[in-house]
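# Inside the fold
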Amino acid sequence: MKRPRPPHAASPVSSRPPKPAAKVGHGLARVLSKLGYCSRSQGEALVREGRVCVDGRVIRDPEHRTDAATMRLTVDGHPVSAERRVVLMLNKPRGLVTTRDDPEGRDTVFRCLEGLDLPHVSPVGRLDKASEGLLLFTNDTTFAQALLDPGQHAPKTYHVQVDGLPDEALLTRIAGGVEDRGEWLGTLSVRLLRQGDKTAWLEIVLGEGRNRHIRRLLDAFGLETLRLVRVAIGSLELGDLAKGQTRELSADEIRCLAIRRD
């Protein structure tokens, strides 16, 4: 009599938990911002107010995972799609703050954009109220973040009028940098442009800027900053753009700014 075959042994069950499925998309407010429709904070407000629908359904969670490539977005019933990429420069006048809304009611740089046919754009970096010159705006958040990355090393060139007549020895000391309140305020270069009887104009190039970097640096060496004008970012020059005027950058200019300088 044949013995019955033993049943096949069951396959061992893995004790490893299954891998979680990869998350698709980003938070809804962030998606609205990346599409150039509005800022992230404005997107959060729109979502919480129930004005945003995803695939026909009202979403009130700003962090709701959303894939703009496969989902249909509307705000107040109107479709939202990616805006054309815009990068423009402004010759910022003195006296304007670099923000969209100022709680103190001061004029902002967006006054210079009034009447222009633009998607939602934001400043790339800042110039303080008393500073002038080249300021960039864009609706491309990826481009903006890359340009602001310290690893990008896009040098920024400033022309600065100072109350004093620094000699070569002092210029060499300024170029060497100084520590102020725990921060190192360095430069890539400093040179004399011209001088009068009591004041001088310097060209200062920074690799990475800190809050009021140049003003603090010069103050540490006994020089008061009278005017501060940013004239270039990388190879992009302010040129003869009139005060308060804007122009869009060409594709070649954008490409040059986006080149990493590691």
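The structure this text deals with has already been given above.
Just so it is clear, the structure is predicted and the values come from calculations on it, not from any experiment.

The secondary structure content of the protein chain amounts to six helices and 17 strands. Relative to its 262 residues, the protein chain shows a buried fraction of 42%. For the protein chain, long-range pairs separated by at least 24 residues make up 65% of all intrachain contacts whose partners lie at least 6 apart in sequence. In the structure as shown, the protein chain presents an accessible area of about 15,800 Å², 49% of it carried by carbon and sulfur atoms.

Further remarks concern empty space enclosed by the protein. Applying the stated criterion across every chain, the model contains one cavity of 30 Å³ or more. Of the volumes computed, that of the largest cavity is approximately 50 Å³. In this structure, the largest cavity is lined by Val-124, Gly-125, Leu-136, Leu-147, Leu-148, Lys-156 and Ile-233. Of the residues assigned to the lining of the largest cavity, the class counts are five nonpolar, one polar and one charged.

Attention now goes to the pairing of strand E9 (residues 132–138). With seven of its seven residues buried, E9 lies for the most part within the structure. Pairing geometry for strand E7 (residues 87–92) and E9, over six bridges, is antiparallel. Residue pairing across strands places Val-87 opposite Thr-138, the latter belonging to E9. Alignment of strand E8 (residues 122–124) against E9, held across three bridges, turns out to be antiparallel. Bridge pairing in E9 places Ser-122 opposite Thr-138.

The next thing to look at is the side chain of Thr-108. Relative to the helices and strands, Thr-108 resides in the loop between E7 and E8. Relative accessible area serves as the criterion here: at 9%, Thr-108 is assigned to the buried category. There is a polar contact of 3.3 Å between the side chain of Thr-108 and the backbone oxygen of Thr-99. In this view, Thr-108 contacts Leu-96, Val-97, Thr-99, Arg-100 and Asp-102; residues no more than four positions away in its chain are not counted.

Pairing is antiparallel across the open sheet formed by four strands, whose spatial order is E3-E2-E5-E6. This sheet does not close on itself; its edge strands, each paired only once, are strand E3 (57–58) and strand E6 (78–79). As paired elements, strand E2 (residues 52–54) and strand E5 (residues 73–75) share three bridges and run antiparallel to each other. Looking at E5, one finds that Cys-53 is bridged to Thr-74.

This part covers a positive patch on the surface. Together, Arg-30, Lys-34, Arg-40 and Arg-65 make up a positively charged patch on the protein surface. Assignment of secondary structure puts Lys-34 in helix H1 (residues 28–34).

If you check the backbone angles, Asp-76 has positive phi at about 55° while not being a glycine. For Asp-76, the location among the structural elements is in the loop between E5 and E6. On the accessibility criterion, Asp-76 (43% relative accessible area) is partly exposed. For Arg-212, which is not a glycine, the phi torsion comes out positive at approximately 50°. Of note, Arg-212 is situated in the loop between strand E14 (199–206) and helix H5 (213–220).

Calculation notes
- For every chain, the first residue of the written sequence is number 1, and numbering continues from 1 along that sequence.
- Local features in a predicted model are, by the rule used here, given only for residues with pLDDT of at least 70; side-chain atom pairs are given and counted only at 80 or more, and totals for whole chains, interfaces and linings are based on all residues.
- To get the side-chain values, take all heavy atoms of the structure and skip hydrogens and water.
- Working definition: helices are DSSP H or I runs of at least four residues, strands are E runs of at least two. Numbering for both runs from the N terminus.
- Relative accessibility thresholds used throughout: buried, under 20% of the residue-type maximum; exposed, over 50%; partly exposed, between the two (1.4 Å probe, protein chains only).
- Only heavy atoms matter for contacts: two residues are in contact if any of them lie within 4.5 Å across the pair.
- Accessible surface is estimated by sampling points in the Shrake-Rupley manner with a 1.4 Å probe; for residues, cover comes only from the protein chains shown.
- In the cavity and pocket records, a cavity denotes points on a 1 Å grid over the protein atoms alone where a 1.4 Å probe fits but cannot get out, a pocket denotes an open set with protein on both sides within 12 Å along at least 5 of 7 lines, and lining residues are residues with an atom within 4 Å of a point.
- Grid points are joined across faces, edges and corners, and a volume is the space filled by probe spheres set on the points.
- Each residue gets one label: Ala, Val, Leu, Ile, Met, Phe, Trp, Tyr, Cys and Pro are nonpolar, Asp, Glu, Lys and Arg are charged, and the others, such as Gly, are polar.
- Each pair of strands is called paired provided DSSP finds at least two bridges between the two strands.
- For this analysis, a polar contact is any N or O atom pair within 3.5 Å, provided that within protein one partner can donate a hydrogen and the other can accept it, and provided that sequence-adjacent residues contribute only side-chain to side-chain pairs.
- Candidates for patches are residues over 30% relative accessible area with no salt bridge; among them, like charges are joined within 9 Å and nonpolar side chains (Val, Leu, Ile, Met, Phe, Trp, Tyr) within 5 Å.
- Salt bridge, as used here, is a side-chain nitrogen of Lys or Arg placed within 4 Å of a carboxyl oxygen of Asp or Glu.
- Counting rule for charge: Lys and Arg are taken as positive, Asp and Glu as negative, and neither His nor the chain ends is counted.
- A single reference atom marks each charge: NZ on Lys, CZ on Arg, CG on Asp, CD on Glu.

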